[in-house]
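# Breakdown of the fold
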Amino acid sequence: MIRLGNMLVSPGEGGVYGERTLDGYRVWDPYRSKLAALYTLGGGVELTPEMRVLYLGAANGTTVSHVADYVETVYAVEFAPRPMQDLLEVARRRKNIVSIMADANRPDEYAPFMEAVDLLYQDVAQPNQVEIAMKNIVFLKPGGHLILMLKTRSVDVRQDPAEVLAGARAGLEQRLNIADVRWLEPYHHDHAAIVCTLRE
Amino acid sequence: MLQRYWFGEIDEGGCRGAGTDPAALAERAAALRTGMESYVPIDWEAARDCGVVRTREEYVDLLRSVCTVLARQKIARAYQGRDVELLQMVRMLDELDNVINLLSERAAEWYQVTNPSFSRKYRSLPAKKMLGIVRKGARGGLSDVADEIERLAGTRTRLMREVSARADEVMPNTSALIGGLVAARLLSRAGGLATLARMPGSTIQVLGSERALFSHLRGGTPPPKHGIIFQHRRVHNAPKDVRGRVARVLSAKLAIAARLDYYRGEAVPEFLEGAQARIDEAGVEA
């Protein structure tokens, strides 16, 4: 990852969402992007130029655009029409984003378009986040990584976030090795990042 | 195992490409059904061996075009629903209300400063009358603002009629039970007719009172009896001791009405008659 001072940046054409640029690099704000928060806190998986990434919950393409600056190809999956319009616009200017309008709950909808990927990144506001991740590791290469941004409030608002996290860990450990777990405080509240590796 | 991908089919016998026209590929891909048990992710080189593309760059380019065509079609389909515009209309209406109230409050404050002897106390001055006084009494910027507020209020009234008429058309059964405006607000809170039609009556009953609902679920405060549906006279005019019952019966019927609206799209008189009678009955004090 590229840092200028302690500021996380990405190389690429600016002006996607009004982000600041610094010495020709795009500033990647940890308060806006959960993935940026994870890297700023010292976690995450190093993004490399030969990587292929499946990005679930692409939304308006803000974080997607930064990921695309680092890697070879991003498969960006988004379900809602309104953010999809923005995502398509981002993908028009970035030739390594494949934007797919589909439901992350139904991997069979986009399976005919998918290659095996090195990194599965998931940031979806659904109660069954772990189940969704497990359904999608079919696209992950052996030894590939999963970064799950666990939105504990989407799982159950009434449950203690720490308990939600414990439940999610147990679910993931069935097929993955958990490498790192951290809360995204102070950038995002009640969000945990879980970094896992798929067992060979 | 036969694998069907966006660019063609692959099995032991080799590969059959499906051409290189994005629109045709998209049409074919939209009809693909994939069983995940025997699924294997694509190796892009297979597409090269098929003769569909020559390089990795071409592969990603063509895939991007196909996916973009599909996404645009899906977006168009999602916006085709007759409820989509109504949703924006009713949200704009509520936003106008907010803005008009804020501006009127501020104009009144301003006016009071220029007329130290003026007060709204004991005069039962509704915002509209107040605005009239400001328009007459003030000069310059303040009077301009008051004119604008008046104009906005006119816009709001016209939009309200439009919302009501559109709701009658898009959700005839729901509107017949609770009025077009409240029906449209329910739609807006639910996020669409499809979502509303899938909600249980108990959820519809408390739509719009989420704060009270969650404070109840978290900490045992009393549960809310009604959310948006309180805006209908049937609920807010009902005597206090039967209001909960009216809200419950009404929302149960609304759930059915929303499903009729979504799946049939026309008023169903037999249902409405029975439902109206049942709701009226719930409002009678024992």
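Residues numbered from 1 in each chain as written. Chains lettered and ligands numbered in written order. Predicted model: local features only at pLDDT ≥ 70, side-chain atom pairs only at ≥ 80, totals over all residues. Heavy atoms only, no water.

### Considering the overall build of chain A
- From N to C terminus, chain A includes six helices and 11 strands.
- A globule of 200 residues ought to have a C-alpha radius of gyration of about 16 Å, and chain A, at 16 Å, matches this closely.
- Partitioning the intrachain contacts of chain A with sequence separation of at least 6 by distance along the chain shows that 55% fall at a separation of at least 24.
- A total accessible area of about 8,000 Å² is found for chain A, and carbon and sulfur atoms account for 48% of it.
- Charged side chains of chain A number 21 positive and 26 negative; the gap between the two group centres comes to 2 Å. (Helix = DSSP H or I, 4+ residues; strand = E, 2+ residues; numbered from the N terminus. Rg over C-alpha atoms; globule rule 2.2 N^0.38 Å. Contact = heavy atoms within 4.5 Å. Areas by Shrake-Rupley, 256 points an atom, 1.4 Å probe, with all protein chains shown as cover. Lys, Arg positive; Asp, Glu negative; His and termini not counted. Charge placed at Lys NZ, Arg CZ, Asp CG, Glu CD.)

### Observations regarding the overall build of chain B
- When its secondary structure is counted, chain B shows 14 helices and three strands.
- Taken over the C-alpha trace, chain B has a radius of gyration of 28 Å; the compact-globule value for 286 residues is 19 Å, which it surpasses by more than 25%.
- Its C-alpha atoms give chain B principal-axis dimensions of about 90 × 60 × 40 Å.
- Out of the 286 residues in chain B, the part that is buried amounts to 40%.
- By element, 52% of the accessible surface of chain B is carried by carbon and sulfur atoms, the whole surface being about 15,900 Å². (Buried < 20%, exposed > 50% of the residue type's maximum accessible area, 1.4 Å probe, protein only.)

### Some remarks on the confidence of the model for chain B
- On average, residues of chain B score 90 in pLDDT, and 100% of them are at 70 or above.
- In the predicted assembly, ipTM is 0.94 and pTM is 0.79. (pLDDT = per-residue confidence, 0-100.)

### Looking at the layout of surface pockets
- In this structure, the largest pocket spans a volume of roughly 1,400 Å³.
- Lining the largest pocket are 45 residues, and of these F79, P81 and M101 of chain A together with K74 and A78 of chain B lie nearest its centre.
- Counting residues per element, the ones that place at least two in the lining of the largest pocket are α3 (81–93) and β7 (97–101) of chain A together with α1 (22–30), α3 (56–80), α4 (83–114), α9 (193–197) and α13 (240–263) of chain B.
- Among the elements that line the lining of the largest pocket, the one with the most residues is α3 of chain B, at eight residues.
- Residue classes in the lining of the largest pocket are distributed as 25 nonpolar, seven polar and 13 charged.
- Of the pockets and cavities examined, the second largest pocket occupies roughly 340 Å³. (1 Å grid on protein atoms, 1.4 Å probe; cavity = no way out; pocket = protein on both sides within 12 Å on 5 of 7 lines; lining within 4 Å. Points joined across faces, edges and corners; volume = space filled by probe spheres on them. Nonpolar A, V, L, I, M, F, W, Y, C, P; charged D, E, K, R; others polar.)

### Side note on the pattern of salt bridges
All names here are of chain A.
- Under the criterion given, the structure shown has 32 salt bridges over all chains.
- For D86, the salt bridge goes to R82, with nearest N and O atoms at 3.5 Å. Highlighted residues: D86 and R82, both in helix α3, separated by four residues, approximately one helical turn.
- Owing to a relative accessible area of 28%, D86 belongs among the partly exposed residues under this scheme.
- Residue R82 is classed as partly exposed on the basis of its relative accessible area of 49%.
- Close ionic contact of D118 with K141 constitutes a salt bridge, the shortest N to O distance being 3.0 Å. Here D118 is found in strand β8 (residues 117–122), whereas its partner K141 is found in strand β9 (residues 140–151), with 23 residues between them in sequence.
- Exposure remark for K141: the relative accessible area of 31% places this residue in the partly exposed category.
- Salt bridges sharing partners connect three or more residues here, namely E19, R26, D69 and R94. (Salt bridge = Lys/Arg side-chain N within 4 Å of Asp/Glu carboxyl O.)

### Section: α13 of chain B
- In this model α13 of chain B runs 35 Å from its N-terminal to its C-terminal C-alpha over 24 residues, within 8% of the 34 Å that 1.5 Å per residue would give.
- With its phi angle positive at about 75°, G265 of chain B sits one or two positions after the end of α13 of chain B. (Expected span 1.5 Å × (residues − 1).)

### Describing the sheet that holds strand β2 (residues 8–11) of chain B
Residues and elements named next belong to chain B.
- Taken together, three strands build an open sheet; the order of strands is β1-β2-β3 and the sheet is antiparallel. Of all the strands in the sheet, the pair left with one neighbour each is β1 (3–5) and β3 (14–17). Looking at each pair of strands side by side, their axes are set apart by 15° on average, direction ignored.
- Pairing of β1 with β2 involves three bridges; the strand directions are antiparallel. Counterpart to Y5 in the pairing with β2 is G8. (Pairing = 2+ DSSP bridges. Axes fitted to C-alpha atoms, helices over the stretch in contact; angles between N-to-C directions.)

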